[in-house]
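Now for the letters of each chain:
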Amino acid sequence: MGDKINLVPELRVQNLPLDEDRLVDLKITSNKLWILKEDGLVTFDIFQNNVKLDEVHHFGLHEYFLADSLFQGSEHSPDDLIWTSLSLFTSVKDQVVPFVSSIFLRRLLQLGVHQNAALSATMQDFNKHWTDSEFQSLNVDGLKKEIFSLIESEGGSENPISTINCWKKFCTRYFHNWCRNNTPFGLLVDTSTGAVGLIRQNSISLFRYLEDIELLIYGCSVVFGDNVSSGMDLQDNGLDHDILFEVLRCVSMINHQLGKAASAIFYEALVSVPVIPSEDILPRLLKILETGYSSSVAALHISQLGTDAAWKKELADHRNQRKFSIDMLLCLHALCSKAGSWGKVLDVIENNLKFLVPRKSVQKLDSQVVLNINTSILVQSTAQISKVMFESALDILLLLGYLVNISGQVHLVHDDISRIQLELVPMIQEILTEWLILHFLGTTPSESPPLEDFSAQLSSLHIDSNTNKKSWNGKLGTCDFTLGSLLFLNFQNSSDDLGHLSSRSFPSPSKFISSVRNFNSWIIWGGTGEESSNFFGHSTELAMILLRHGQYEAVENLFAIIDAHTRKEKTSHSAQSTNGEWCKHLHLLGFCLLVRAQCGLQGISKERKVREAIRCFFRASSGFGAPQALQSLSFQGLPALVYSDCASTAVWKLHYYQWAMQIFEQYSMSEGACQFALAALEQVDEVLSLKDDSSGGDPLNEPLTTIRGRLWTNVFNFTLDLNHYYDAYCAIILNPDEDGKCICLRRFIIVLCERGATKTLCDGQLPFVGLMGRVEQELAWKAERSDIGVIPNPYKLLYAFEMHRHNWRKAATYIYRYSARLRNEVVLEKKQHLSRALQEILNGLSAAINALNLVHPAYAWIDPQLDGYSCPDEHYPNKKARKIGEENSLPGTGVQCRRQQFCIDIEELENEFVLATAQYSLSLINIKMKFSGNQDRPSDLVDLLVQANLYDMAFTVLLKFWKGSGLKKEVGRVFVSLSLKCCPNKLGSSFIRDDFNHNLLLTASEGESFISSMNNTNPSFHQSRGINPWEMLESYLMKYKKLHPRLPVIVAETLLHTDPQIELPMWLVHMFKCSRKATAWGMTGQEADPASLFRLYVGCGRFTEATNLLLEYIESLASLRPTDISSRKKMSAVWFPYTSIERLWCQIEELRSSGVMIEQCDKLKKLLHGALLNHLKLIKVDSEDAISSAMC
């Protein structure tokens, strides 16, 4: 038949064991049989139509990984977590709750665990409802906040127990929802590539083969699948094989004793903000292995379970601890006996540590990987493998540490202890850190670029039109797009090796392991796989990639992990590498800290980040090889250092410090910018000293004075931003550039005024040595060019500034200028807030008067023209200020006013103060005034004051501006107005004499244009309205009648002329009667005497009152006591207004002749006739007696 094959149908039946698990799906290919059961996938090889039952391969489902990540596999896993945390963090128990929550949250959101549908369903189970759009819009930070908020609302922030219970409940619900939403439906087998997948309800899973260490942990290949070119001979049944499995048994015992919590806590302590130093975690875990949990756990048991149950729990834990110690001791003795010595055991451990080291591979950089589902699966596989590697390395490290601690019980000699501590432990720590970094990058979600990140904003414009880049730019900040995914997009490899990742087909299980190894090698060793002189030499390149995409927190954590490992190394050369790698780390770390401080942080956290950033940049500049190493570090957002041609290190440092200053200034961090500006100034001095020592040319391209001036100007700006005003002042006076000094001084004054920190300017704490004139000039310039209502007002600052330095006249000049501008710009223009402006004018005038009172009277004057005033107060001028003015009389007042042109003394300031006070009083009751200039007519102002019932203020103005007869005339006008207000029945202005009506008050028509309305809330107005007009008239008349004795006559005449029927009050009549001299009788007296009242009665037709007044005084004269009769008989001792009496008689006759009041007129004539007849007789007798007395 040759090469032909006979196809003969043959019936063959084989039974396959399925145990008791339910069959989900079955697939048959040419060489394999795939059976999907509820607990996993089983494969059988098919050879010549026979299923080889002895070659079975098992694959676990993703549910097992999910349960392990969320502590769902064991009943005591969450409890172990809290007990271990309390035992580790005994000194910071308040940090246990956030630390435990961070562990759960990190695992819940990591790639392979997080699923939007399951998380949304879980949140709904806790009555947290979202729409799909709302849930999809949440980034990683938003999800964290929502989950934390939900846990706190469930009581998860009260104590550690409640926190664990809340997280257990939440994770259990999440696991249940995930399993329900991802029920396995069937197998997906790609015969072309050998890929095997699992189709689920809402997702797809792919199966992969195990790595070497996974095979070693989970068993041989016949259980969990094939290994891929591992180089690990698991079939060797020699001594080394037995020793290795005994070691793994001891590791398993330690792992079982500590539980899954140990690795979770250790990992979280390394990648998050440390609660305690990470190097203290391992010794405390070993202490738990030796002595059990701390006493705080026992106290927690009592509060959780009660005393009896806690006692039983403590006994059970104690028995478990003793059992572990005994079993471990026996196992270690058996291990040593089998190996023959501990040296042999350590040799086996060291030989097998190579399977934990990430493998190196040389990459060919010729094609770029695109983002697809294969990329996500590769990153997730990397995270799974790195987790196993990390936990395996930690288990070996715990075993060696436990072995050293009990070295006396297992007969471990000193040489073996030294070997462990000096060789194996550093080796394991390096392996541990490498897998920690790989797992951190593979599981940590990328962060959304900050809004302030210009590079992120620029990239969002998609200027490069790269479709693939657009797709993954939008994934930043999501849980499914980790840092590893971001790095993988920059991972380039040959098309032969990674071609399957960019194809439309799923890769085979073996291909995944090869790709993961290459990816890990690229992250740890770089594309060339060359050894580096320091640990993790590829970190700078990775950091640059992450920084280009705004992953600042990730880079900070990455460098923190590397730095923590570096500090553990015994040699110092790794820190200060010769290739400048250490400087690059610090340089990039400083930039990350700076950006993070500027984006979102506040308070102490922000200050700490800024200080750390400053420290990093300073350390980076001092590292070996920094000038060469830092040249290549630049990307969008971080300007490059372009100072490669510097003549010396000192010059390069000068440029570097200025570069750092600009970076801090760019991110509005004035504290750091100021420190680097000061450091640059120190470096300028060092460069100058190098220039003096060498004979070469100038190392700088510009004069040192210019550099110093620019740097001091920057120091000034930064300290001013920080409100360090004294430091800003020092920067001004130290600035060698005069122009820069003037500019800084002007800005200093402007900023102090804007911030209301004028006390710093005027309290004398800043001496302004050599700058007094400039400060005054700048303030005066600002005052003259600023709005008069600006707060704080520059004129007031000038006043305080000069007063503090005892420059009284200058202070008075500036504050007077303030008052003058207020009057011109506010009062005269009738702007709003007139009362407030007038009050300010009063305050300014009062301050000017007080200041001039401190000056010698001979020099107490000011020049209101600021530009012409330059004479200091300490040196008085040779001659007194000339009062250049023009004497004018105010029309109709008789008051002499001086129109000032240049100089003003205290008297004129007081005059202005009185006028301003009057205007302010009127403004309080909404009296509208006409302002004609700097000085209004006092007479018009008095009229307004009187009409507004502000008599006290009116009299104050009168006493200030009038003297002599003019004063009496104006006072009389005021009392005329007062008297008119007491007349309820006014007959009109025709009853008032023309001399009183002239220039009296405004008539009704004129007053309407000046008086709008009176504010009834004004206290002065209420006071005037509340007092009876007669009482007010009496009060003012008693007060001012000595100043003008004729005032009672004016008042009485006004009353009688205004209301002919009015009855004069008794107190007013009494003023006339009490004015008689002690040595005179009759109706004589001062100006307001009974005779004056009599004349008023007669003139106003009040004949009855006149007659009664005359009869009263005639009868009084006739009824003198005997002792006074002799005095009465003296020459000119008695006087009566006989002319007025005759006029009274004639007017009564005329009234009777007219036929009016005939009977009353006859009665009055009769009384007058009888009284005058008796009076004349008495006068005749007294005259004769006086003549006789004179002749004797």
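For the chain, the name recorded in an unreviewed UniProt entry is Nuclear pore complex protein NUP160, with Kingdonia uniflora as its organism. In its Subcellular location (unreviewed entry) section, the UniProt entry covering the chain states "Nucleus".

From N to C terminus, the chain includes 53 helices and 13 strands. Per-residue burial for the chain yields a buried fraction of 51% across its 1192 residues. Once local pairs closer than 6 in sequence are excluded, the contacts in the chain between residues at least 24 apart make up 70%. Counting every atom, the chain has about 57,000 Å² of accessible surface; 52% of that belongs to carbon and sulfur.

Right, let's talk about the packing of aromatic side chains for a bit. Within this structure, the stated rule accounts for 32 aromatic pairs. The interplanar angle of 5° and the centroid separation of 5.5 Å between the aromatic rings of Phe104 and Trp167 together place this pair among those described as stacked. Residue Phe104 is located in helix H3 (residues 96-108), and its partner Trp167 is located in helix H7 (residues 160-181); the two are separated by 63 residues in the primary sequence. Exposure remark for Trp167: the relative accessible area of 0% places this residue in the buried category. Centre to centre, the rings of Tyr729 and Phe768 are 5.4 Å apart; their planes meet at 80°, and the pair counts as edge-to-face. Placement of the pair is Tyr729 in helix H32 (residues 725-734) and Phe768 in the loop between helix H34 (758-762) and helix H35 (772-785), with a sequence separation of 39 residues. Residue class for Phe768 comes out buried when judged on its relative accessible area of 1%. Linked through ring pairs, Phe617, Phe618, Trp652, Tyr656, Tyr657, Trp659, Phe664 and Phe676 together constitute an aromatic cluster. Residue placement shows Arg746 over the ring face of Trp781; its charged tip is 5.0 Å from the ring centre. The residue whose ring lies beneath Arg805 is Phe801, and the NZ or CZ to ring-centre distance is 4.0 Å.

Attention now goes to empty space enclosed by the protein. Applying the stated criterion across every chain, the model contains five cavities of 30 Å³ or more. Surrounding the largest cavity, 13 residues form its lining, Arg107, Gln110, Ala264, Tyr267 and His439 being those nearest its centre. Tallying contributions element by element places helix H11 (residues 261-271) first for the lining of the largest cavity, with four residues. Class assignment for the residues of the lining of the largest cavity results in four nonpolar, four polar and five charged. Put simply, the second largest cavity is a space of about 70 Å³. Looking at the second largest cavity, the residues that line it are Glu211, Phe355, Val357, Pro358, Arg359, Met389, Trp435, Arg517 and Asn520. Here the lining of the second largest cavity is built from residues that sort into five nonpolar, one polar and three charged.

Moving on to the packing of H3 against helix H6 (residues 140-153). Where H3 contacts H6, the axes come no closer than 11 Å and their chain directions differ by 130°. The orientation of H3 relative to H6 falls into the category oblique. Between H3 and H6 lies a crossing whose hand is right-handed. Here Ser101, Leu105 and Leu108 of H3 come into contact with H6, specifically with Lys144, Ile147 and Phe148. Per-class residue counts for the contact of H3 with H6 are four nonpolar, one polar and one charged.

We now examine the pairing of strand E2 (residues 32-37). With six of six residues buried, E2 is to be regarded as a mostly interior element. Residues Lys32, Trp34 and Leu36 line one face of E2 and the alternating positions Leu33, Ile35 and Lys37 line the opposite face, and both faces are buried. Both strand E1 (residues 23-28) and E2 contribute to a ladder of five bridges, which runs antiparallel. If you follow Lys27 over to E2, its bridge partner there is Trp34. Count of turn residues in the E1/E2 antiparallel hairpin: three residues.

Attention now moves to the environment of Thr131. The topology assignment puts Thr131 in the loop between helix H4 (116-125) and helix H5 (132-136). Along the sequence, Thr131 and Ser120 sit 11 residues apart, while their C-alpha atoms lie 9.3 Å from each other.

Moving on, we get to helix H42 (residues 964-981). With 18 residues, H42 should cover 26 Å at 1.5 Å per step; its first-to-last C-alpha distance of 27 Å lies within 8% of that length. In terms of burial, H42 is largely enclosed, as 13 of its 18 residues are buried.

This next bit is on the sheet that holds strand E5 (residues 184-190). In spatial order, the strands read E5-E6-E7; together these three strands make up an open sheet with antiparallel pairing. Lying at the two open borders of the sheet, with one neighbouring strand each, are E5 and strand E7 (204-206). Taking the axes of each pair of neighbouring strands and ignoring which way they run, one obtains an average angle of 25° across the sheet. Relative to strand E6 (residues 195-200), E5 is paired through six bridges, and the arrangement is antiparallel. Pairing of Val189 across the sheet is with Val196, part of E6.

With that out of the way, let us pick up the nonpolar core. Ile147, Phe170, Leu332, Phe664, Phe748 and Phe768 are the most contacted members of the largest nonpolar core, which has 260 residues in total. Broken down by element, this core gets its largest block of residues, 17 residues, from helix H16 (residues 373-405). Residue assignment places this core across two domains, with domain 1 (23-60 + 186-207) and domain 2 (65-109 + 116-181) each supplying three or more. Excluding residues that lie within four positions of it along the chain, Phe768 makes contacts with Tyr729, Leu745, Phe748, Leu761, Val775, Phe801 and Arg805. Core analysis: the next-biggest nonpolar cluster, separate from the first, contains 74 residues, Val1049, Leu1055, Val1069 and Leu1111 among them.

Bringing the packing of H3 against H7 into the picture now. Viewed as axis vectors pointing N to C, H3 and H7 meet at an angle of 10°, and their least axial separation amounts to 9 Å. In terms of axis orientation, H3 runs roughly parallel to H7. Of the residues in H7, those in contact with Val96, Val97, Val100, Ser101, Phe104, Leu105 and Leu108 of H3 are Pro160, Thr163, Ile164, Trp167, Phe170, Cys171 and Tyr174. Residue composition of the contact of H3 with H7, grouped by class: 12 nonpolar, two polar and no charged.

A few words now on the pattern of salt bridges. Taken as a whole, this structure holds 34 salt bridges when the rule is applied. Note that Asp125 and Arg173 form a salt bridge whose closest N and O atoms lie 3.0 Å from each other. On the criterion of sequence distance, the pair formed by Asp125 in helix H4 and Arg173 in helix H7 is long-range, its members being 48 residues apart. A relative accessible area of 37% places Asp125 in the partly exposed class. Across the pair Glu1105 and Arg1102 runs a salt bridge, and its minimum N-O distance is 3.2 Å. Taking the relative accessible area as the measure of exposure, Glu1105 reaches 29% and is therefore partly exposed. Taken together, the salt bridges that share partners define one network made up of Asp68, Lys260, Lys387 and Glu391.

Quick look at the environment of Arg1095 now. With respect to the helices and strands, the residue Arg1095 is situated in helix H49 (residues 1090-1099). Classification of Arg1095 as partly exposed rests on a relative accessible area of 36%. Distance in space between the C-alpha atoms of Arg1095 and Ile1141 is 8.6 Å, their sequence separation being 46 residues. In this structure Arg1095 touches Trp1135, Pro1137 and Ser1140, once residues within four positions along its chain are discounted.

Our next topic: helix H40 (residues 938-947). The buried fraction of H40 amounts to eight of the 10 residues, a majority that puts the element mostly inside the structure. Of all the residues in H40, the buried ones are Pro938, Ser939, Leu941, Val942, Asp943, Leu944, Leu945 and Val946. In this structure, the buried side of H40 is in contact with helix H39 (906-924), helix H41 (951-961) and H42. Looking one or two places after H40, you find Asn949, whose phi comes out positive at around 65°.

About the cut-offs
- Residues numbered from 1 in each chain as written.
- Predicted model: local features only at pLDDT ≥ 70, side-chain atom pairs only at ≥ 80, totals over all residues.
- Heavy atoms only, no water.
- UniProt positions renumbered as here; feature names shortened; annotations may be inferred.
- Helix = DSSP H or I, 4+ residues; strand = E, 2+ residues; numbered from the N terminus.
- Buried < 20%, exposed > 50% of the residue type's maximum accessible area, 1.4 Å probe, protein only.
- Contact = heavy atoms within 4.5 Å.
- Areas by Shrake-Rupley, 256 points an atom, 1.4 Å probe, with all protein chains shown as cover.
- Phe/Tyr/Trp six-rings, centres within 6.5 Å; stacked < 30°, edge-to-face > 60°.
- Lys NZ or Arg CZ within 6 Å of the ring centre and 35° of its normal.
- 1 Å grid on protein atoms, 1.4 Å probe; cavity = no way out; pocket = protein on both sides within 12 Å on 5 of 7 lines; lining within 4 Å.
- Points joined across faces, edges and corners; volume = space filled by probe spheres on them.
- Nonpolar A, V, L, I, M, F, W, Y, C, P; charged D, E, K, R; others polar.
- Axes fitted to C-alpha atoms, helices over the stretch in contact; angles between N-to-C directions.
- Parallel < 35°, antiparallel > 145°, perpendicular 65-115°, else oblique.
- Left-handed = near helix turned anticlockwise from the far one by under 90°.
- Pairing = 2+ DSSP bridges.
- Expected span 1.5 Å × (residues − 1).
- Core = buried A, V, L, I, M, F, W, Y, C linked by side-chain atoms within 4.5 Å.
- Domains from an automatic or database assignment.
- Salt bridge = Lys/Arg side-chain N within 4 Å of Asp/Glu carboxyl O.

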